[in-house]
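# Examining the three-dimensional arrangement
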Amino acid sequence: MRVLMIAPTSFFNDYGCHVRILEEARALQGLGVSVHIVTYYKGRDVPGLEIIRTPPLPWRSHYEVGSSRHKIAFDVYLSWTALAAALRWRPHLIHAHLHEGALIGTVLRALLGVPLIFDFQGSLTGEMIDHRFLNPDGPWYPLLRRLEVWIDRQPDLILTSTVHGAWLLVEAFGAPPERVVPFPDAVNTQTFRPAAPEEAPLLQGLREGLGVPPGRRVVVYLGLLAPYQGTDLLLEAAARVVAADPQVHFLIMGFPGEPLYAARAQAMGIGGHVTFTGRLPYEQAPLYLRLGDVAVAPKMSATEGSGKLLNYMATGLPVVAFDTPVSREFLGEAGYYARLGDAQGLADQILYALRHPEESHVRGQALRERAVSAYSWEAAGRRLLALYQALQGRARRKKEAPILLKGQVRRDAPRAR
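Throughout what follows, the structure given in this document is the object of discussion.

What counts as what
Note that residues are indexed from 1 along each chain, following the sequence as it is written. Note on the predicted model: pLDDT of at least 70 is required for a residue's local features to be given, and 80 or more for side-chain atom pairs to be given and counted; whole-chain, interface and lining totals, by contrast, use all residues. Here the side-chain values reflect all heavy atoms present in the structure, with hydrogen atoms and water set aside. Numbering goes from the N terminus for both helices and strands, where a helix is a DSSP run of H or I of at least four residues and a strand is a run of E of at least two. Radius of gyration: C-alpha atoms only; globule rule: 2.2 Å multiplied by the number of residues to the exponent 0.38. Accessible area is worked out with a 1.4 Å probe on protein chains only. A residue is then buried under 20% of its type maximum, exposed over 50%, and partly exposed in between. Contacts are residue-level and defined by heavy atoms, with any inter-residue pair within 4.5 Å sufficient. Shrake-Rupley sampling with a 1.4 Å probe provides the accessible areas, and residues are treated as covered by the protein chains on show and by no other component. By the counting rule applied here, Lys and Arg register as positive and Asp and Glu as negative, while His and the ends of each chain are not counted. For charged residues, the charge sits on one atom: NZ in Lys, CZ in Arg, CG in Asp, CD in Glu. Should DSSP find at least two bridges between two strands, the strands are regarded as paired. Lines fitted to C-alpha atoms define the axes here, with helix axes fitted over just the stretch in contact, and angles between the N-to-C directions of these axes take values from 0 to 180 degrees. For a crossing to be left-handed, the near helix must be turned anticlockwise from the far one by less than a right angle; the clockwise case is right-handed. When residues are sorted by character, Ala, Val, Leu, Ile, Met, Phe, Trp, Tyr, Cys and Pro go into the nonpolar class, Asp, Glu, Lys and Arg into the charged class, and all the rest, Gly among them, into the polar class. When two rings of Phe, Tyr or Trp (its six-membered ring) have centres within 6.5 Å they constitute a pair, described as stacked for plane angles under 30 degrees, edge-to-face for angles over 60, and tilted for the intermediate range. To form a nonpolar core, buried Ala, Val, Leu, Ile, Met, Phe, Trp, Tyr and Cys residues must be joined to one another through side-chain atoms within 4.5 Å. Throughout this description, the term salt bridge denotes a Lys or Arg side-chain nitrogen within 4 Å of a carboxyl oxygen of Asp or Glu.

Glancing now at the overall build of the protein. Looking only at helices and strands, the protein features 15 helices and 13 strands. Expected size for 417 residues packed as a compact globule is a radius of gyration near 22 Å; at 23 Å, the protein falls within 12% of this value. On the principal axes, the C-alpha backbone points of the protein span a range of 85 × 55 × 45 Å. Residue burial in the protein is summarised as follows: out of 417 residues, 55% are buried. The contacts in the protein between residues at least 6 apart in sequence include a share of 69% that link residues at least 24 apart. With the model as given, the accessible surface of the protein reaches about 19,100 Å², and the carbon-plus-sulfur share is 56%. Within the protein, one finds 45 positive and 39 negative side-chain charges whose respective centroids are separated by 9 Å.

Pasting the structure below:
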């Protein structure tokens, strides 16, 4: 089976949807599926993956992709690159990520006559509002909302990273419920795991290299740094935690804007209690997470998934998160929850988790078991392949069905008595 993935982003980067694309592709390759990924010009090549990149924009070869008017040009380039790859390779199925990918995939499906799967990871307009690129009360919002609704109704099958996302698609955007399948994020539970006893010297050296003073308990965060990710609230909570317990250290792993946030932490008087690593390669994330005593997930978005939760869970860490449907879906009763947007509540839950190590250990173990039993990429890959095969079979039967003229009756149709 040949699958063309459309990734309207700078694949590969070390966060979010990039990890989902990477692990889906790896899981499918392990099952014998041939995968080509069409993506933007920038990004890190991954050994073993066939990545097809657009040419750079002549007037903007250096960029950080996000909500931007330049993204229209990126997607035009991506459309032509995807079309050329599809005509040359003739895939059996198109797997499109994000709404821009689904829009491009809709055109390719019409040209090639192959099934289209849309990997939905959050509302298009919701994300643009979260990024402060779109004003929900402005003139562009109704137009983009209608476009989003139209895109959501085109694919043959839509995969959602959360059950909440499936509900959102059907109830808020009118997607046909029979085409929507929850397909949660997963995690490599052999790579992301608790620390082994023999790793103690390695972890101690890493801790010292990061400048974490001896005796401090470590709160870890892994992900993008941005207001909608809750980074500003995380620093506010950190200041309250450190004021209550100076023996706590925050290890914040991610990008962009880490110099700005480091300066802000310094101005808040907690610079000596916060370490910013900057961009952390995905391959190194499992080791760094093993330094943590507690993990924190302050994401503010109500529609996007949160893959970092699964990384925390598989590592066996107790997790403090804002109380959102996505957090509840992954963490269940084993999570520590703060009211959405409440920095003091976040600080209180972090302090509680640190001050009750036995309870936190039990919760961390429960989260690890939950990750292994319900969210492994091995099982997810087999399920994804089964969905592909079912979709192929449905498309094949549709093509083979006889075309009847008006008034014509199939020979095998039951006769009236």
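So, about the sheet that holds strand S8 (residues 217-222). Each strand in a sheet pairs with its neighbour through backbone hydrogen bonds, running either in the same direction (parallel) or in the opposite one (antiparallel). Taking strand neighbours across the sheet as the criterion, the 6 strands line up as S10-S9-S8-S11-S12-S13 in an open arrangement whose pairing is parallel. Edge strands, defined here as strands with exactly one partner in the open sheet, are strand S10 (274-278) and strand S13 (336-338). Taken pair by pair, the neighbouring strands of this sheet meet at an average axis angle of 20 degrees, ignoring direction. Note: strand S11 (residues 294-297) against strand S12 (residues 319-322), 3 bridges, orientation parallel. In the strand pairing of S12, Ala-295 is matched with Val-319. Sheet contacts for helix H11 (residues 308-315): S8, S11 and S12; angle to S8, the most-contacted strand, approximately 145 degrees.

What follows concerns the sheet that holds strand S6 (residues 157-160). Taking strand neighbours across the sheet as the criterion, the 7 strands line up as S3-S2-S1-S4-S5-S6-S7 in an open arrangement whose pairing is parallel. On the outer flanks of this sheet lie strand S3 (50-53) and strand S7 (180-182), each paired with one strand and no other. In this sheet, adjacent strand axes meet at a mean angle of 25 degrees when their direction is disregarded. Note that S6 and S7 share 3 bridges and pair parallel. Of the residues in S7, the one forming a bridge with Leu-159 is Val-181. On the sheet, helix H6 (residues 163-173) packs against strand S5 (116-120), S6 and S7 and is oriented at approximately 165 degrees with respect to S7.

Turning next to the packing of helix H5 (residues 140-152) against H6. The relative placement of two packed helices comes down to the angle between their axes together with the axis-to-axis distance. Taken N-terminus to C-terminus, the directions of H5 and H6 make an angle of 115 degrees; their axes are 11 Å apart at the nearest point. You can see that H5 and H6 cross each other, and the crossing is left-handed. For the pair H5 and H6, contact is made by Arg-145, Glu-148, Val-149 and Asp-152 and by Leu-169, Ala-172 and Phe-173, respectively. Here the residues of the contact of H5 with H6 sort into 4 nonpolar, no polar and 3 charged.

Another aspect to go through is the packing of aromatic side chains. In the structure shown here, the tally under the stated rule is 8 aromatic pairs. A ring pair is formed by Phe-11 and Phe-12, whose centres lie 5.5 Å apart and whose planes are at 75 degrees; its orientation type is edge-to-face. Its relative accessible area of 0% is what places Phe-11 among the buried residues. Judged by centre distance (6.0 Å) and plane angle (90 degrees), the ring pair of Phe-118 and Phe-120 falls under edge-to-face. Here Phe-118 and Phe-120 have matching classes, each one buried.

What follows deals with the environment of Tyr-352. Structurally, Tyr-352 can be placed in helix H13 (residues 343-355). The class of Tyr-352 is partly exposed, set by a relative accessible area of 34%. Sequence spacing of Tyr-352 and Val-320 is 32 residues, and the spatial spacing of their C-alpha atoms is 9.8 Å. Among all residues touching Tyr-352, those that are not within four sequence positions of it are Tyr-336 and Glu-359.

Quick look at the pairing of S11 now. Neither face of S11 is open: one carries Val-294 and Val-296, the other Ala-295 and Ala-297, and all of them are buried. Where S8 and S11 come together, 2 bridges link them in parallel fashion. Bridging from a neighbouring strand, Val-219 pairs with Val-294 of S11.

Quick look at the nonpolar core now. Judged by nonpolar contacts, the single largest core of 96 residues is most densely connected at Ile-37, Phe-250, Ile-252 and Ile-350. Residues contacting Ile-37, with those up to four places away along its chain left out, are Met-5, Ala-7, Phe-11, Ile-21, Ala-25, Leu-49, Glu-50, Ile-51 and Ile-52. In this structure, Trp-89, Ile-94, Leu-108 and Leu-116 belong to the second largest nonpolar core, which totals 21 residues.

What follows concerns the pattern of salt bridges. Throughout the structure, instances matching the rule amount to 15 salt bridges. Notably, a salt bridge pairs Arg-20 with Glu-24, separated by 3.4 Å at the nearest N-O pair. Remark: Glu-24 and Arg-20 occur in helix H1 (residues 16-30); sequence separation between them is 4 residues, near one turn of the helix. Here Arg-20 matches Glu-24 in class, with each residue buried. Arg-20 is the partner of Asp-185 in a salt bridge, and the nearest nitrogen-oxygen pair spans 2.7 Å.

Distances and angles like these do not, on their own, reveal function.
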